[in-house]
Amino acid sequence: MPKLVHTIGKLQNTKPNLPPTKPDCNKKQSVFLCLRMIANGAASKFELRLLRIWKKAHILRRLLVKLSYFCTVKKTTKMITLTTIDDLTAALAPYRQANKSIGLVPTMGALHAGHASLVERAVGENDVTVVSDFVNPTQFNDPKDFSSYPRDLDADRALLETLHADILFAPTVEAIYPEPDTRTFDYPEMNVMEGPRRPGHFNGVCRIVSKLFQIVQPTRAYFGEKDFQQIAVVRAMVNDLQLPVTLCPCPIVREASGLALSSRNSLLTDDERRLASEIYKTLKVSLEFSQTQSVADTQAFVTEALNAFDGLEVEYFEIVDAQTLQPIKDWSEAENVQGCITVYCGQRPVRLIDNINYRNHAR
């Protein structure tokens, strides 16, 4: 690199063999004079070659300046881990006072590449990024599901440090719920699909997300589209409470097999993971099937195809209006149509969710 810089410096100080000019003639004026000579056919081959070299050196110098800028602005601050609300509030205070943007990625830990994509986007779009790592007990209607949910805070911290997150917020249950949270939320988006099958689940989601929004006061919050219904419920809550936060849905990240990344995938054996990949494969096949078949026939096709596999059991497969989440009977009933599915996989069994877009004329 020193030799390159030295060579560039020499090239920048090299001038073509131009006619005598005024004492204050600068490089730009010299170039213009050389161009005039070229137009008049008076420049030699040497002068033409020298001019081209000078121009290339000028362009390269500008690129080096830009490169040095990006190198100097690269984040060098180390991520901090906080466990109390007071500490988090204090850490974010300078950003709020300076009117800086705050990004929040709410998670329940056991982070994977899907979470990483949310964090990367948040880091790129905000001045400071907070990632919460909290397994929320109020959204589990089955105590066994809560106790078996995977947890690995050390691995989560290591991953977030490589992603340049600023703050890992990993509170205890007592810190979030010093007293029982008795608030209730009721939105139409909560009463379909997951709602009736997991009583109290979305009420618990609204409790924790609203608390995090109150604590962090984020400019933007990032959610994965795998939890399609959850995003709709949180959006309804934000509108209801008139919270000043922008929700940023992010595309589903999948394994090479097509299986949607989920913290629950770690509970699958290798054979069960291969089996679970049939969920998205079947959904993809149903896209073409749906072009000539009815909504009811498409639902039956997906359900029967997956139930035919030993070790898979469809709990529900709904085709809904993507905006309201209400079931449709005909493709013409909604401009944006989504298929949402939950499947039990394996001996445990592990409950997996996924979704796919069938129509989106609103784009």
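Computed from a predicted structure; not experimentally measured.

Focus: helix H10 (residues 201-216)
Part 1: With 16 residues, H10 extends 23 Å between its outermost C-alpha atoms, agreeing within 8% with the 22 Å of an ideal straight helix rising 1.5 Å per residue.
Part 2: Phi turns positive one or two residues past the end of H10, at Gln-217, with a value near 50 degrees.

With respect to the UniProt feature "binding site: (R)-pantoate" (unreviewed entry) in the protein
Part 1: The UniProt feature table records "binding site: (R)-pantoate" (unreviewed entry) at Gln-139 and Gln-230. A stretch of 92 residues holds the annotated residues, and the largest C-alpha distance among them is 11.4 Å, short enough that they meet in one place.
Part 2: Locating Gln-139 in the fold gives a position in the loop between strand S3 (128-133) and helix H6 (143-148).
Part 3: Assessed through its relative accessible area of 9%, Gln-139 is described here as buried.
Part 4: If we skip the residues at most four places from it in the chain, Gln-139 touches Met-108, Arg-198, His-201, Gly-204, Val-205 and Ile-208.

Points about the sheet that holds strand S4 (residues 167-169)
Part 1: Overall, parallel pairing links the six strands, which are arranged S1-S4-S3-S2-S5-S6 in an open sheet. Bordering the open sheet on either side are strand S1 (80-82) and strand S6 (246-250), each of which pairs with just one other strand. Between one strand axis and the next, the sheet turns through 25 degrees on average, direction left out of account.
Part 2: Judged from the six bridges that link them, strand S2 (residues 102-107) and S3 form a sheet pairing that is parallel. Bridging across to S3, Gly-103 finds its partner in Thr-129.
Part 3: Of the strands in this sheet, S2, S3, strand S5 (220-224) and S6 are in contact with helix H5 (residues 113-125), which crosses S5 at around 160 degrees.
Part 4: Running at roughly 150 degrees to S2, H10 makes contact with S2, S3, S4, S5 and S6 of the sheet.

Considerations on helix H14 (residues 295-307)
Part 1: The terminal C-alpha atoms of H14, which comprises 13 residues, lie 18 Å apart, in line with the 18 Å expected from a rise of 1.5 Å per residue.
Part 2: Three or more residues of H14 are buried, namely Val-295, Thr-298, Val-302 and Leu-306. All buried residues of H14 lie within an arc of 65 degrees about the axis, which places them on one face of the element.
Part 3: On its buried side, H14 packs onto helix H13 (278-290), strand S7 (312-321), strand S8 (336-345) and strand S9 (350-360).

Some details on the confidence of the model for the protein
Part 1: In the predicted model, the protein carries a mean pLDDT of 86, and 78% of its residues have values of at least 70.
Part 2: Within the model, pLDDT remains below 50 along residues 1-29, and this stretch shows 30 contacts once partners closer than five positions in the same chain are excluded.
Part 3: Low pLDDT, under 50, characterises residues 64-74; the predicted model gives this stretch one contact beyond four residues in sequence or across chains.

What counts and how
- Residues numbered from 1 in each chain as written.
- Predicted model: local features only at pLDDT ≥ 70, side-chain atom pairs only at ≥ 80, totals over all residues.
- Heavy atoms only, no water.
- Helix = DSSP H or I, 4+ residues; strand = E, 2+ residues; numbered from the N terminus.
- Expected span 1.5 Å × (residues − 1).
- UniProt positions renumbered as here; feature names shortened; annotations may be inferred.
- Buried < 20%, exposed > 50% of the residue type's maximum accessible area, 1.4 Å probe, protein only.
- Contact = heavy atoms within 4.5 Å.
- Pairing = 2+ DSSP bridges.
- Axes fitted to C-alpha atoms, helices over the stretch in contact; angles between N-to-C directions.
- Arc of directions from axis to C-beta.
- pLDDT = per-residue confidence, 0-100.

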